[in-house]
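Notes for the structure review
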Amino acid sequence: MTLKFAIITCSDTRSMKEDTAGAALEELIKKEGWEVASHIVVQDDRVLIAGSILEACDEIGADIVLTCGGSGLSPHKRRLIAFSLSL
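All of the points below concern the structure found in this document. (Residues numbered from 1 in each chain as written. Predicted model: local features only at pLDDT ≥ 70, side-chain atom pairs only at ≥ 80, totals over all residues. Heavy atoms only, no water.)

1. Details of the sheet that holds strand β1 (residues 4-10)
Taking strand neighbours across the sheet as the criterion, the three strands line up as β2-β1-β3 in an open arrangement whose pairing is parallel. Two strands lie at the open edges of the sheet, namely β2 (35-42) and β3 (64-68), each paired on one side alone. Neighbouring strand axes in the sheet, compared pairwise and without regard to direction, differ in orientation by 15° on average. By the bridge criterion, seven bridges tie β1 to β2 in an arrangement that is parallel. By the bridge assignment, F5 is partnered in β2 with V36. The strands that helix α1 (residues 20-31) touches are β1, β2 and β3; relative to β2, the one it contacts most, it runs at about 175°. (Pairing = 2+ DSSP bridges. Helix = DSSP H or I, 4+ residues; strand = E, 2+ residues; numbered from the N terminus. Axes fitted to C-alpha atoms, helices over the stretch in contact; angles between N-to-C directions. Contact = heavy atoms within 4.5 Å.)

Here you go:
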């Protein structure tokens, strides 16, 4: 069985070129022989993150959605809120 992954990096400061965490995840996934169906960077905004999670599940058909990014907790960190919005 081949697993299909989506990687969402949540960051206000990173681009795909600078996304070392997402790139490392992509490398590990491919090393296991699984598929990376999507790898994107979105701003740390709850609506954008929730929309990206829903798109990964509903439109891309990812079996697993991984999120990464952020260097700590602050008032603008929205990932947990976005998860609850996308459920």
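Read on, since the account is not over.
2. Description of α1
With twelve residues, α1 extends 16 Å from end C-alpha to end C-alpha; this agrees with the ideal 16 Å at 1.5 Å per step. Listed as buried for α1 are G22, E26 and I29. Angularly, the buried residues of α1 cover 65° about the axis, an arc narrow enough to put them on a single face. Opposite the buried face of α1, by more than 90 degrees, sit the exposed residues T20, E27, L28 and K31. At its buried positions, α1 is contacted by β1, β2 and β3. (Expected span 1.5 Å × (residues − 1). Buried < 20%, exposed > 50% of the residue type's maximum accessible area, 1.4 Å probe, protein only. Arc of directions from axis to C-beta.)

3. So, the side chain of E26
By the secondary structure assignment, E26 is in helix α1. Polar contacts involving the side chain of E26 include one to the side chain of K30, which spans 3.0 Å. If we ignore the near neighbours within four places in the chain, the residues touching E26 are I7, V36 and H39. (Polar contact = N/O pair within 3.5 Å; in protein donor to acceptor, adjacent residues only side chain to side chain.)

4. Comments concerning the environment of L25
Checked against the element boundaries, L25 lands in helix α1. The class for L25 is partly exposed, based on a relative accessible area of 24%. Sequence separation between L25 and I7 is 18 residues, and the spatial gap between their C-alpha atoms is 7.7 Å. Setting aside anything within four residues of it in sequence, one finds L25 in contact with I7, L66 and C68.

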